[in-house]
Amino acid sequence: PLEVGDHHDPARVKEFLNRWAVTPKDAELVLREGLSRGPSEDKRVFLTFSAPWCGWCHKLSDWLAQPAVASILDRDFVIVKIDIDRMTHGKDVMAQVRPKADGGIPWFAVLDAKGKPLATSDGPGGNIGYPFKPQEIDHFMALISGQSRRIEAGQQEQLRQSLKESADRIAKQQKARQVAPSVKAR
């Protein structure tokens, strides 16, 4: 039904895609829902901002989704993810929570019940983004330690170890990509 003769009809393809497109979520509503869950579950909100084109954002999202990580963070936090490109009002929400947007994304914050940032991914050198380097992991763990009430020391160490292992894997992948072009050139 999308073809005319031996080729696709652009108007039919466009109509088909428009008809089946997913309605974007509203970032303001997503944040409000997370903030309303926080007090009822006696948790703070761990808010992340990301975009589909951001590789480090995918790494953070993947790490947060790991069952071992998610089960620990769930003890104290409602995880709320805002996609600044695919959600309506995504950039507006980010501007409200993070008025000074230096350092790119991913960016994250722990929020109180009213949506006020208690701690953010902004470290001494700016936004740490995905905690990859040792000082970034230290900043992330200080944020978790300072904002959690139920995550025990052993669980915090599990998070730290998971980040270190992830950083090692990423570093190996980066190194392999740097070596690969020179191997192909030979």
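Remember, predicted model here, so these are calculated numbers, not experimental data. (Residues numbered from 1 in each chain as written. Predicted model: local features only at pLDDT ≥ 70, side-chain atom pairs only at ≥ 80, totals over all residues. Heavy atoms only, no water.)

Visitor: Help me understand the side chain of Thr 120, please; the structure alone is not making it clear to me.
Guide: Relative to the elements of secondary structure, Thr 120 occurs in strand β6 (residues 117-120). With a relative accessible area of 19%, Thr 120 lands in the buried category. Reaching out from Thr 120, the side chain makes a polar contact with the backbone nitrogen of Asp 122 at a distance of 3.1 Å. Other than its neighbours up to four places away in sequence, Thr 120 contacts Trp 107, Phe 108, Ala 109, His 139 and Leu 143. (Helix = DSSP H or I, 4+ residues; strand = E, 2+ residues; numbered from the N terminus. Buried < 20%, exposed > 50% of the residue type's maximum accessible area, 1.4 Å probe, protein only. Polar contact = N/O pair within 3.5 Å; in protein donor to acceptor, adjacent residues only side chain to side chain. Contact = heavy atoms within 4.5 Å.)

Visitor: Please clarify how the packing of aromatic side chains should be interpreted in this entry.
Guide: Aromatic ring pairs are reported here in terms of the distance separating the ring centres and the angle at which the planes meet. By the definition in use, this model includes 8 aromatic pairs. Each ring, one from Phe 46 and one from Phe 77, has its centre 6.0 Å from the other, and the planes form 65°; the classification is edge-to-face. You can see Phe 46 sitting in strand β3 (residues 44-50) and its partner Phe 77 sitting in strand β4 (residues 77-83), a full 31 residues away along the chain. Taking the centre distance of 5.4 Å and the plane angle of 20° together, the rings of Phe 46 and Phe 108 count as stacked. One end of the pair, Phe 46, is in strand β3; the other, Phe 108, is in strand β5 (residues 107-111), and 62 residues separate them in sequence. Side by side, Phe 46 and Phe 108 carry an identical accessibility label, which is buried. (Phe/Tyr/Trp six-rings, centres within 6.5 Å; stacked < 30°, edge-to-face > 60°.)

Visitor: Please explain the pattern of salt bridges as it appears in this structure.
Guide: Two side chains bearing opposite charge may form a pair once their charged atoms approach each other closely. Inspection of every chain in the model, using the stated rule, returns 12 salt bridges. The partner of Lys 43 in a salt bridge is Glu 41, and the shortest N-O contact between them spans 3.4 Å. In this structure, Arg 150 and Asp 42 form a salt bridge, with 2.4 Å as the shortest nitrogen-oxygen distance. Taken together, the residues Arg 150 in the loop between α6 (134-147) and α7 (153-185) and Asp 42 in the loop between α2 (27-41) and β3 connect sequence positions 108 residues apart. Members of the salt-bridge network, linked through shared partners, are Arg 37, Glu 41, Lys 43 and Asp 74. (Salt bridge = Lys/Arg side-chain N within 4 Å of Asp/Glu carboxyl O.)

Function cannot be inferred from these measures alone, as they are strictly geometric.
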